[in-house]
Amino acid sequence: MSRSPSFSVKQELSLKTDLESLQQWAVAFCIIRFDLEQGQLIEECYPPDSFSNEEELDVAFSSFPDSVSQNQNRSSIHDCIFFFRIRRRKNSEQGNVTSSEIVGIDDEVSSKSMKGKVINRRKNRNGTKGMEYLYGFVFNRQRHDERLKRGGEQKSVVILSHNPYSSVFRPLLQIMGPLYFDIGKKALEYIASYVSMWPTPVPGKQMELHIGNAMLKVSLPPAHSLPFEIGIFEESASAMAPFLPSNQSIPQGLFHDSDIFGTFRGILLQLWLLWELMLIGEPILIIGPTPPQCCEAVASLVSLVAPLPCSVDFRPYFTIHDPDFKHLNSLREGDMFPPMVLGVTNLFFLKALCNIPHIVSVGSPASNSNQVAFASRSSASRIPGRPEGFGLQQLSLKKFSPSSLLSAVKLRRDGPLCLMTEHKEAIWSTYVATTKPDTSILNRLIDAGISPRVEESMSVVNNEILRRHFLELTTNFLAPFGPYFRASTPSEGFLPFIDPPPLPPFNGEEFLANLSARGVGKFLSKRMKSNWLDLYKRFLKGPNFMPWFQRRRTVVEQEQHRLWRQARMKADIQLLISKMSELEIVDSFNSIERHLQGEILMEKSGRAGVDFAETCQKLKNDLQAVFSVLPEDMQQLLLMNP
């Protein structure tokens, strides 16, 4: 990626911002200052009046590292990049499937229940209606100066968007952050002008986005992985799970650029347990020393279950000021914790959310640096003294040596509160994983040593190995649902004017019984214990299954509708009529008339295809051809009963 933060002010003065086009990518750009007397203050916001007062407070409180967790840094300037996800305050229609809509595994899901689930992306793109969450991407600068009160100051440059495009906004912040501190608030208008000139986002594609004299080459996550409230773009039935993609260069889920290896380097053997927890939607608390480390861990977990869309409420950086904290803090012992993945740095959460069932500690305390702490590129998580190489032998020794066993027992006995005195990479959970760690994958991972440049390139290789493995693991896990997503096509000589057959109904108990009888397949049977069916039971009851299943069925129904419509356009009506009985001709007349009315209604609602005129003319000609071969008495009857 080539970039340069330098801009020519004279050339930029003529730039104008198209606010409607800007909304396709970002909602607003903010400058937030930490004031010693008044707290977090939004100094600048462009476009102005983008948020309510309550939302401005939510954004401001989420845009700074927790003071209790940020180690003192003696360097003059310390920059870091992280991101957060907060719930919007506005009362808007929810495009997502809520937990109240998730039915039990005994319920049947018919094709009729899928009707009306699709959101028209083009109509929903520019409004905030239906947008439940807001993403904030933060460039935070701490400047230490003994001449100032409390020895320094903090400011954050924030990009706010409804889109979880980390691959776009992180590199954009690396330009925008330093630019703001060079030229001031004009940087917001300059960047907004360039962003408004970007083309419409195309999910699942690589895009070239110009910003001044720089160009960002980014890959957007596919449409099927985007949160449902954002809306469906143009999803194809072939692009979604449970089929393993042929082109591995195309992202298959959110946060495909996250650093799985670097984040979970100290607990790699636990990745398969974490994959299961994410799959079934268990609540997880992620604790990291810094916001970049905890938000990278949350992003990595979300990416771990690709291509399954994550319907769990994930918060990359969560603070006590978040409005949802009050409810979570009120939960008593024994209360069910909602399916959430929370990334935190404040150790107060260990006591406040003590009933959360799974706690993961990642990363290591930040070292002194004036460089941008970009978690997916940094080596901050490296622990000094760790043996080089991640071969099976070394992993096995680390896992089974007496000293390691004693340390693990002590860690389990002390519980997560031991993090109050010393930070350690560890997991506290009573969940027993069904999936076994894949030793062949662990053997392929490389530890390059202490050179940051070499380590960065090796980390990319390791991430590709891990991401490919878990993509294959998730795809094979979802494969048994394939028969419920098969679109039918009219066979040769078959009348395409009748309605296509409905997709097979889904019954959870029947599915489990059939799966138990035929087995889970070679790929998973080698990697899972004998109780693998329990994992499917948990998945069906969890928050991820029904939103994915319904969305997948909706896309397949659309594909089936397209195929049958295409067959009607190609049908030779004269040839078909020659093989029909009089009753079949009458039925065909009624069916063609119904399809013609449907095309007209689609046009009136603004959803007609580009071939609307051609389709209507074909249906009118077919209708006339069918009508002309009927006896006069039947023609009169049809005219009298339109």
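Please refer to the structure higher up on the page.
Bear in mind that the values here come from a model prediction, so they are computed numbers and not experimental data. (Residues numbered from 1 in each chain as written. Predicted model: local features only at pLDDT ≥ 70, side-chain atom pairs only at ≥ 80, totals over all residues. Heavy atoms only, no water.)

### Thoughts on the overall build of the protein
The criterion, for reference: Secondary structure elements are defined from DSSP: runs of H or I of at least 4 residues count as helices, runs of E of at least 2 residues count as strands, and each element is numbered from the N terminus. Any two residues whose heavy atoms approach within 4.5 Å are treated as being in contact. All accessible areas in this document rest on Shrake-Rupley with a 1.4 Å probe, and a residue is counted as covered only by the protein chains that are shown.
When its secondary structure is counted, the protein shows 23 helices and 14 strands. Expressed as a percentage of contacts within the protein between residues at least 6 apart in sequence, the contacts between residues at least 24 apart total 79%. For the protein, the computed accessible surface area is about 30000 Å², with 52% contributed by carbon and sulfur atoms.

### Some thoughts on the pattern of salt bridges
Where charged atoms from two side chains of opposite charge come close, those side chains can pair. Worth spelling out the cut-off: Every case where a carboxyl oxygen of Asp or Glu lies within 4 Å of a side-chain nitrogen of Lys or Arg is listed as a salt bridge. Exposure classes here rest on a 1.4 Å probe applied to the protein chains alone. A residue is buried below 20% of its type maximum, exposed above 50%, and partly exposed in between.
For the structure shown, the criterion picks out 18 salt bridges. Across the pair Glu43 and Lys155 runs a salt bridge whose closest N-O atoms are separated by 3.1 Å. Of this pair, Glu43 sits in strand 2 (residues 39-46) while Lys155 sits in strand 6 (residues 152-161); the two residues are 112 residues apart in sequence, bridging distant segments of the chain. Exposure remark for Glu43: the relative accessible area of 31% places this residue in the partly exposed category. Asp313 is the partner of Arg87 in a salt bridge, and the nearest nitrogen-oxygen pair spans 3.3 Å. Of this pair, Arg87 sits in strand 3 (residues 77-87) while Asp313 sits in strand 10 (residues 313-315), and the two are 226 residues apart along the sequence. With a relative accessible area of 11%, Asp313 lands in the buried category. Overlapping salt bridges bring together Arg85, Arg87, Glu132, Asp313, Arg315, Asp322 and Asp324 as one network.

### Structural notes on the packing of aromatic side chains
How we decide: Each aromatic pair joins two rings of Phe, Tyr and Trp (for Trp, the six-membered one) with centres within 6.5 Å, and gets the label stacked for planes under 30 degrees apart, edge-to-face for over 60, and tilted for any other angle. Here, a charge over a ring means that NZ of Lys or CZ of Arg falls within 6 Å of the ring centre while also lying within 35 degrees of the ring normal.
A full pass over the atoms with the stated rule returns 39 aromatic pairs. An angle of 85° between the planes, with centres 5.2 Å apart, marks the rings of Trp25 and Trp198 as edge-to-face. With Trp25 in the loop between helix 2 (19-22) and strand 1 (28-35) and Trp198 in the loop between helix 6 (186-196) and strand 7 (206-211), the pair connects residues that are 173 residues apart, well separated along the chain. By relative accessible area, Trp25 is classed as buried at 0%. The ring of Phe181 is capped by Arg141, whose NZ or CZ atom sits 4.4 Å from the centre of that ring.

### Thoughts on the sheet that holds strand 5 (residues 133-144)
Note the threshold: Strands are labelled as partners when DSSP assigns at least two bridges between them. Where helices are involved, their axes are fitted lines through C-alpha atoms of the stretch in contact, as for all axes, and angles between N-to-C directions lie from 0 to 180°.
Spatial ordering of the open sheet is given by 2-1-6-5-3, a layout of five strands whose pairing is antiparallel. Across the chains shown, the open sheet's two edge strands, defined by having one partner strand only, are strand 2 and strand 3. For this sheet, the mean angle separating the axes of adjacent strands, direction not counted, is 25°. In this sheet, strand 2 lies alongside strand 1 in antiparallel orientation, the contact comprising seven bridges. The residue bridging Ile32 from the neighbouring strand is Ile42, located in strand 2. Across the sheet, helix 6 is in contact with strand 1 and strand 2; its angle to strand 1 comes to roughly 155°.

### Concerning the side chain of Arg88
To be explicit about the condition: N or O atoms within 3.5 Å of each other form a polar contact, as long as, within protein, one can give a hydrogen and the other can take it, and as long as residues adjacent in sequence are counted only when both atoms are side-chain atoms.
By the secondary structure assignment, Arg88 is in the loop between strand 3 and strand 4 (108-109). The class for Arg88 is buried, based on a relative accessible area of 7%. Here His162 takes part through its side chain, which lies 3.0 Å from a polar atom of the side chain of Arg88.

### Digging into the packing of helix 19 (residues 545-570) against helix 22 (residues 612-628)
This is how it is decided: The cut-offs work like this: below 35 degrees is roughly parallel, past 145 is roughly antiparallel, 65 to 115 is roughly perpendicular, and the gaps in between are oblique. Handedness of a helix crossing follows the sense of rotation of the near helix relative to the far helix, less than a right angle counterclockwise being left-handed and clockwise being right-handed. Any residue outside Ala, Val, Leu, Ile, Met, Phe, Trp, Tyr, Cys, Pro, Asp, Glu, Lys and Arg is labelled polar, Gly included; the first ten of those are nonpolar and the last four are charged.
Viewed as axis vectors pointing N to C, helix 19 and helix 22 meet at an angle of 60°, and their least axial separation amounts to 9 Å. One way to sum up the angle between helix 19 and helix 22 is to call them oblique. For the pair helix 19 and helix 22, the sense of crossing is left-handed. Of helix 22, the residues touching helix 19 (which contributes Arg565, Arg568 and Met569) are Glu614, Thr615, Lys618 and Asp622. When its residues are assigned to classes, the contact of helix 19 with helix 22 shows one nonpolar, one polar and five charged.

### Here's the deal with the pairing of strand 11 (residues 340-344)
Burial analysis of strand 11 places five of its five residues in the buried class, which makes it a mostly covered element. Residue alternation in strand 11 divides its side chains into two sets, Met340, Leu342 and Val344 and Val341 and Gly343, and both sets are buried. Summarising the sheet, strand 9 (residues 284-287) and strand 11 pair through four bridges and their orientation is parallel. Bridging across to strand 11, Leu285 finds its partner in Leu342. Note that strand 10 and strand 11 share three bridges and pair parallel.

### A short note on the environment of Arg527
Turning to its location among the elements, Arg527 is positioned in the loop between helix 17 (522-525) and helix 18 (532-541). Looking at Arg527, the relative accessible area reads 17%, which means it is buried. Apart from residues lying up to four places away in sequence, Arg527 is in contact with Thr434, Thr435, Lys436, Asp438, His469 and Leu473. A distance of 3.1 Å separates polar atoms of two side chains, one belonging to Arg527 and the other to Asp438.

The values reported here are purely geometric and, on their own, carry no functional implication.
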